[in-house]
Amino acid sequence: MSDALEINREVSTFCRVCEPACGLVATVDDGQIVHVRADDDHPVSKGFACTKGIAALDIHRDPDRLNHPQHRVGDRWDQVSWDDAISGVASELRAVIERHGPQAVATYVGNPSAFNTLAGPATGSFFAQLGMSRYFSSGTQDCANKFAGSEAVFGSSTIHPIPDIANTDALLVLGANPRVSKGSFISISNMYREIMQASARGATIWFVNPRRTESSGERTGETLQIVPGTDVFLLAALIHEIDAGPGFDRCVDARGKHVDELRAFVAEYSADAVAPIVGIDAATIRDVATTFATVPRAAVHMSTGVNMGRHGTLAYWLVHMLSFVTGNLDREGGNVLSVGFYASAKAGRREYAAGFVDGEFGQMRRGSLPGNLLADHILDSESPVKALIVLAGNPLFTIGGEERLREAFESLELIVCIDLYRNATGDLAHWLLPSTDMFERSDINITGLGLQSEPWIQWTDAVVEPHAERREEWRIFAALAREMGFRSPLDADDPEIEVWARTDHMLSGRGLSLDELRAAPKGTVKFEDGLAAGEFYDRHLQHADGLVDCCPTAFGPAIAALADEAVAATDAVANGGLRLISRRDTRMHNSWFSNVESLKRGSRSNNPLDVHVDDATRLGVADGDRVVVRSDWGEIEATVRLDDAVRPGVVAIEHGWGRQSGMRLANDKPGVNVNRLLPSGPGSFDPLSNQAWMTGIPVTISPVAVGAV
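Residues numbered from 1 in each chain as written. Predicted model: local features only at pLDDT ≥ 70, side-chain atom pairs only at ≥ 80, totals over all residues. Heavy atoms only, no water.

(A) Layout of the pairing of strand β17 (residues 387-391). Summarising burial for β17: 5 of the 5 residues are buried, a large majority. The alternating pattern of β17 places Ala387, Ile389 and Leu391 and Leu388 and Val390 on opposite faces, both of which are buried. In this sheet, β17 lies alongside strand β6 (residues 105-109) in parallel orientation, the contact comprising 5 bridges. When the sheet's bridge partners are listed, valine 105 is paired in β17 with alanine 387. The pairing of β17 with strand β18 (residues 414-419) spans 5 bridges and is classified as parallel. Along β18, the bridge assignment pairs alanine 387 with leucine 414. (Buried < 20%, exposed > 50% of the residue type's maximum accessible area, 1.4 Å probe, protein only. Helix = DSSP H or I, 4+ residues; strand = E, 2+ residues; numbered from the N terminus. Pairing = 2+ DSSP bridges.)

See below:
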């Protein structure tokens, strides 16, 4: 290509920060990306992209990025060649396995890997050949409850009917803030705009959240300010009131099983019984239930604010039930299964009740181990972890109990981090291997599969060649596999064809090939039949009997325990205790966005603790005061910010902050790592799903003593 053609070349691509995968246009000049903007001509996102997606360019060209493999010798980091890094890591892995066996090796895979089509298969292949089974991931801090819940109710972990917002008459949104977070387990380029449009044409919208979020208001709908962690009781009450009033839809008897067991469960949770638990008056609960059940079309959506509570799996079960018993499951304007470029329901098929194991730290789900047990597997196991490979993650900051994790990591014989930065976890590593970012690799929008309101697929080539010595993750694992004598894509005649063969096969079900996708305008193909009601029960439901399980037997012990939880929650409210929740912001996305200067200006220099004015007055603290926040698991110091958007009895702080010496801005403006307050170890996760308990944490706050350092 001539220099003239290279100047200001525009390249269509898409964002890989969250599920919507908004279309982007990158301007390339002399092999460098000089500008990124939303793609006005994109057939789905239509010119929308959020602050975080645009800020990915700042991450791409951040001078603090890892550009070369590094090896820590004592307190010194030495730059090494890729050949030396691969051989060094492989040699040390072999030594650990020879001394302790393959189960002494564990891995932690972070959130960005979910938006990287080739990373998952590459890690899975490598670790299977290594013979290890201790697999930890950020999913147990995020959404493991949803996979477990759908597996129990529908027979498949990959079934997640999404709200058809464009056609609904009523929408209930629990634990989500789409104006800020855009959407989890739903792929809509601008979910907030969709909700505003639904409200403008007369749809009733409710947000359930302990805090009046940026998403609620006159243009959308009201917030029902719930006591943190009690959503499961509200959902039970809604179903109770529907059963006692308008009644269940006739589809329930035809399409459901264990219906009587569901009715017996919700019978205990009337609106009057639940009101003092959830902090929402009984009349409002009954009004929501009646409206949801009697409008022509109603939809429900639940996100991480509920996932991370103590009962995220049961709450997701009841979300499915609310849709099902009102006849809104598989109905236009209700909750509809989205089928994109690949019908994935069968791929997630598994018998839920058979998915449990008894381990040395208690019963849990098969698959990704609870991240909250990582330190225990290192420090307390009869066969302890001795080596940890971390891919695109920062478990020191993302898992509860930083101090214990730090102790655990410092005891390891080997830590290898594959990442964009030397983050807080990387500070303790022995090897750092630099990975590419989203502009430096080919990809498809894999994460939106089964979650899109307008099903589509897009191919993107790498916008630019990887800077310096950054490498794609699959190439790193392929090189390690070959060095250790395993099967490796690098041994194929064409490694690129080898690693993309799985995707090519998935596309064939739509009569497409990768070559055809690449050749499509903007590399994009839409599927007009992807979000259509009427086929769910006969084509996609995966239980052998073809029925929706309305009360999975395996949930029995957890359901029985709710009665005691209800009493405890009521007492906590009555006693004026504080509960901690996590707050989201448009200019932050987990700890890997903590070094972006454009997002940390002015008042964004730290992450304050939001406190309601009534609580501040009662506790003798004022706006701007430094306070100590304590839980049963740790303490932090934070700055008070008065905020009447949080309900009394609730305090909120943004996650993803903390000191990271390899990232200059994150080191200079660290804020505080709120996860130091979170539970860890046995009992700190939901055994139905391995999901960590990360919100609704009991805390106390007190002023920092005068003269304290």
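Moving on, there is more to tell.
(B) Quick peek at the sheet that holds strand β25 (residues 609-611). Around the barrel, 6 strands lie side by side as β24-β28-β25-β27-β26-β31; this closed barrel has mixed pairing. Mean inter-strand twist for the sheet, computed between neighbouring axes without regard to direction, equals 45 degrees. The sheet contact formed by β25 and strand β27 (residues 635-642) spans 3 bridges and is parallel. Looking at β27, one finds that valine 611 is bridged to leucine 642. (Axes fitted to C-alpha atoms, helices over the stretch in contact; angles between N-to-C directions.)

(C) Main features of the nonpolar core. Ranked by internal contacts, the top residues of the largest apolar core, which has 73 residues, are Leu172, Leu262, Trp317, Leu318 and Met321. For this core, the element with the most residues is helix α14 (residues 312-325), which contributes 10 residues. Leaving out residues up to four positions away in the same chain, leucine 172 has contacts with Trp206, Val208, Leu238, Val288, Phe292, Ala299, Val300, His301 and Leu322. Membership of the second largest hydrophobic core comes to 53 residues, among which are Ala85, Leu93, Val416 and Leu514. (Core = buried A, V, L, I, M, F, W, Y, C linked by side-chain atoms within 4.5 Å. Contact = heavy atoms within 4.5 Å.)

(D) The arrangement of the pairing of strand β24 (residues 578-583) in detail. With 5 of 6 residues buried, β24 is to be regarded as a mostly interior element. Sheet analysis places β24 next to strand β31 (residues 697-703), joined by 3 bridges and oriented antiparallel. Note on β31: the bridge partner recorded for leucine 578 is valine 699.

(E) Here's a closer look at helix α7 (residues 191-200). What α7 keeps buried is the set Met191, Tyr192, Ile195, Ala198 and Ser199. On an axial view of α7, the arc spanned by its buried residues comes to 120 degrees, and they lie on one face. Where α7 is buried, its residues touch β9 (170-174), α6 (178-181), β10 (204-208) and β13 (298-302). Following α7 by one or two positions, glycine 202 adopts a phi angle in the positive range, close to 110 degrees. (Arc of directions from axis to C-beta.)

(F) Seen up close, the environment of proline 495. Turning to its location among the elements, proline 495 is positioned in helix α19 (residues 495-508). On a C-alpha basis, the gap between proline 495 and aspartate 83 in space is 19 Å, while along the polypeptide they are 412 residues apart. Leave out the neighbours within four places in its chain, and proline 495 touches Trp474, Pro489 and Leu490.

(G) Seen up close, unusual backbone geometry. Although it is not a glycine, alanine 392 sits at a positive phi angle of roughly 50 degrees. Here alanine 392 shows up in the loop between β17 and α16 (395-398). A residue is classified by how much of its surface remains accessible, and alanine 392, at 12% relative accessible area, is buried. Of note in this structure, alanine 468 is not a glycine but carries a positive phi near 50 degrees. You can see alanine 468 is positioned in the loop between β21 (456-460) and α18 (473-483).

(H) Expanded view of the environment of leucine 314. Tracing the sequence through the fold places leucine 314 in helix α14. For the pair leucine 314 and leucine 642, spaced 328 residues apart in sequence, the C-alpha to C-alpha distance is 33 Å. Ignoring sequence-local partners within four residues, the contact set of leucine 314 consists of Val232, Phe555, Ala558, Ile559, Leu562 and Leu688.

(I) How the structure looks around the pattern of salt bridges. What the rule picks out here adds up to 44 salt bridges. Across the salt bridge formed by aspartate 443 and arginine 16, the nearest N and O atoms sit 3.5 Å from each other. With aspartate 443 in strand β20 (residues 443-444) and arginine 16 in the loop between β1 (9-14) and β2 (23-29), this residue pair connects regions lying 427 residues apart in the sequence. Overall, aspartate 443 belongs to the buried group, its relative accessible area being 1%. The exposure class assigned to arginine 16 is buried, which follows from its relative accessible area of 5%. Note that aspartate 169 is salt-bridged to arginine 297, the shortest N-O span being 3.1 Å. In this pair, aspartate 169 sits in the loop between β8 (162-163) and β9 while arginine 297 sits in the loop between α12 (282-294) and β13, placing the two residues 128 residues apart along the sequence. Taken together, the shared-partner salt bridges in this structure form one network comprising Arg583, Asp585, Arg604, Asp610, Arg641 and Glu654. (Salt bridge = Lys/Arg side-chain N within 4 Å of Asp/Glu carboxyl O.)

(J) Geometry of the side chain of serine 338. Inspection of the secondary structure assignment puts serine 338 in the loop between β14 (335-336) and β15 (356-359). Assessed through its relative accessible area of 4%, serine 338 is described here as buried. Only 2.7 Å separates the side chain of serine 338 from the backbone oxygen of glutamine 452, close enough to count as a polar contact. (Polar contact = N/O pair within 3.5 Å; in protein donor to acceptor, adjacent residues only side chain to side chain.)

(K) Quick peek at empty space enclosed by the protein. Using the criterion set out here, one finds 7 cavities of 30 Å³ or more in the structure. Put simply, the largest cavity is a space of about 110 Å³. Pro161, Val300, His301, Tyr316 and Asn335 are the residues nearest the centre of the largest cavity, which is lined by 15 residues in total. Elements represented by at least two residues in the lining of the largest cavity include exactly β8, β13 and α14. (1 Å grid on protein atoms, 1.4 Å probe; cavity = no way out; pocket = protein on both sides within 12 Å on 5 of 7 lines; lining within 4 Å. Points joined across faces, edges and corners; volume = space filled by probe spheres on them.)

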